[in-house]
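Structural overview
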Amino acid sequence: MKVLMKILAIVFIALLASTGVAQESNSYRFSLEDCLRFAFANSYDRKSMELTGETLETTYEQSKQQRLPNLNASVGQNFSNNENGWSTSGNVSVGSSVTIYQGGNISKTIEQNRLNMERNEVQLERYDNQLTTQILQGFLTILGNQELLKYQLEVLNTSREQMKQGRARHKVGAILESDLLLLEAQYYSDSNNVVDTRINIDNNLLDLKVLLSMDPTDVLEIISPDTDNLDNLMASLPEEEEAVSLALEYMPELRMSDYDIRLAEKGVDLARGNYFPTIAANANVGMGVLSFDGDGNSKWYGKPTESVGVSMSIPIYSRGQTKANVKKSRIALEQAQFDYEQSALTVRQSVVQAYRNVVSAFNSYKVSQVKENAYSKSFNAYNIQYQYGTITTVELLQQQNAYLNVLNTYIQNKYSLVMKRKILDIYMGKPIEL
């Protein structure tokens, strides 16, 4: 019985240990750059695209070997039964063939496979840009809410002191009960704002973990960069036409469209190659035939054979299939050229719009910065005046709410500027740093 109890205790402890391991989570403290590195290393979509790239590379490497001759060996064994009984015979041969000419389709197929492989690499760059944009937006949203929370906590402390002072003043009859109720309502409203912002931050962190392919139970802490002075964002801003030129040279969407044109050109060449004959050479060596009769006697008969030959297959009539394929491939090429022009126009429009959004966002940020500074000082002054009883509760709370509105606008404009400026950097192929 004691032995059984010991075994049960050991099993119970093991179960507790395994449960503890299963519930263990990791902790991370990430800057934006850390987030990007982690996402690129762990994104399942990105890994899938990398596997596609490996498949395309394998296809490309294999297609280069189509220029080489193949080599086949055959072994045959036959059994027969006649008036002399059972007999068996066998043969062994080795053969090889190689395509000498196929309308240039082998070289064109190799080039086509190479283009597909390189296009996938550019497509991976486009995915990285899209993922970077999403992570940047999520990261800045968290920073904005964290900064908002910091100010909200300061305002909450002020509201708490106002409520305490209001209760003391109400006891001595210095203010009306309605004024005290307004102060209490403001305090609870400010408390609710803090709770809502904390919930938003938790939800923002969860959204960011999804983008990073991170376990939701992991602890993620954001390292806040220095965003006190954003004037340097404009100091590094190039001229509009230079930004457009850089984007036209870098944007993966445009380079992918260029690859589509080159692939379509190869498609036309491959379709036209079916008009030409195919020339192949072959060689074969037979090793002779060994026969066994019903009495168990064996003998070789026939002589070893060697053969070499050249064959030509000439397409004469394909029921219009080749002609139709050439026409469709030319239509595909024309469509790819149109798509490239449309992509170039879209990129230019997007970059011009993004550039002007940066200029507009900077102006809005500077205006809101001045207003936030002014309303902050005004609110502090009103708070002092209220302590001395020179203004009413209504006037104080009006100024406090006005300050909160200006503060919200300032924080939104601040991180909107950072977001729009960094999006422009993505368009221009610049590294994303905060």
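The rules behind these values
Residues numbered from 1 in each chain as written. Predicted model: local features only at pLDDT ≥ 70, side-chain atom pairs only at ≥ 80, totals over all residues. Heavy atoms only, no water. Helix = DSSP H or I, 4+ residues; strand = E, 2+ residues; numbered from the N terminus. Buried < 20%, exposed > 50% of the residue type's maximum accessible area, 1.4 Å probe, protein only. Contact = heavy atoms within 4.5 Å. Areas by Shrake-Rupley, 256 points an atom, 1.4 Å probe, with all protein chains shown as cover. Polar contact = N/O pair within 3.5 Å; in protein donor to acceptor, adjacent residues only side chain to side chain. Phe/Tyr/Trp six-rings, centres within 6.5 Å; stacked < 30°, edge-to-face > 60°. Lys NZ or Arg CZ within 6 Å of the ring centre and 35° of its normal. Salt bridge = Lys/Arg side-chain N within 4 Å of Asp/Glu carboxyl O. Core = buried A, V, L, I, M, F, W, Y, C linked by side-chain atoms within 4.5 Å.

1. Quick look at the overall build of the protein chain
For the protein chain, the helix and strand inventory stands at ten helices and seven strands. Counting all 434 residues of the protein chain, 36% fall into the buried class. Contacts in the protein chain between residues far apart in sequence, at least 24 positions, make up 81% of those at least 6 positions apart. Of the roughly 26000 Å² of accessible surface on the protein chain, 53% is carried by carbon and sulfur atoms.

2. Here we look at the side chain of Gln162
Take Gln162: it is sitting in helix H4 (residues 105–171). At 2.9 Å, the side chain of Gln162 and the side chain of Asn383 are in polar contact. Residues in contact with Gln162, not counting those within four places in the same chain, are Leu183, Phe379, Asn383, Leu396, Leu397 and Gln400.

3. So, the packing of aromatic side chains
Within the structure shown, the criterion is met by seven aromatic pairs. With a centroid separation of 5.5 Å and 50° between ring planes, the pair formed by Phe30 and Phe38 is classed as tilted. Ring centres 5.3 Å apart and planes at 65° place the aromatic pair Tyr187 and Tyr188 in the edge-to-face group. If you follow Lys150 out to its NZ or CZ, it ends over the ring of Tyr151, 5.1 Å from the centre. Taking NZ or CZ as reference, Arg169 lies 4.9 Å from the ring centre of Tyr386, over its face.

4. Remarks on the side chain of Gln186
With respect to the element layout, Gln186 can be found in helix H5 (residues 177–211). Here Gln186 falls in the buried class, since its relative accessible area comes to 8%. Contacts of Gln186, omitting those with residues within four sequence positions, involve Ser159, Leu397, Gln400 and Asn401.

5. As for the pattern of salt bridges
According to the stated counting rule, one finds 17 salt bridges in the structure shown. Residue Glu221 pairs with Arg29 through a salt bridge whose shortest N-O separation is 3.4 Å. Of this pair, Glu221 sits in strand S4 (residues 219–222) while Arg29 is found in strand S1 (residues 27–30), placing the two residues 192 residues apart along the sequence. On the basis of relative accessible area, Glu221 is assigned to the partly exposed category, the value being 42%. Note on Arg29: relative accessible area 52%, which makes it exposed. Residues Lys64 and Glu61 are paired through a salt bridge, measuring 3.2 Å at the closest nitrogen-oxygen approach. One end of the pair, Lys64, and the other, Glu61, are both in helix H3 (residues 44–64), three residues apart, so they sit about a helical turn from each other. One network of salt bridges, in which partners are shared, links Arg46, Glu50 and Asp128.

6. Here's the deal with the environment of Gln134
Tracing the backbone through its elements, the reader meets Gln134 in helix H4. Residue classification places Gln134 among the partly exposed positions, given a relative accessible area of 43%. Measuring from C-alpha to C-alpha, the distance between Gln134 and Asp207 comes to 10.0 Å, with 73 residues separating the pair along the chain.

7. Some details on the nonpolar core
Counting 70 residues, the largest nonpolar core has Ile135, Leu208, Leu212, Leu220, Ile222, Leu417 and Leu424 as the members making the most contacts within it. Of all the elements in the fold, those that place two or more residues in this core are helix H2 (32–42), H4, H5, S4, helix H6 (231–235), helix H7 (240–250), helix H9 (321–387) and helix H10 (393–427). Tallying contributions element by element places H4 first for this core, with 15 residues. The residues touching Leu208, leaving out its near neighbours within four places in the chain, are Cys35, Ile135, Phe139, Ile142, Leu220 and Ile222.

Geometric descriptors of this kind do not, in isolation, establish any biological role.
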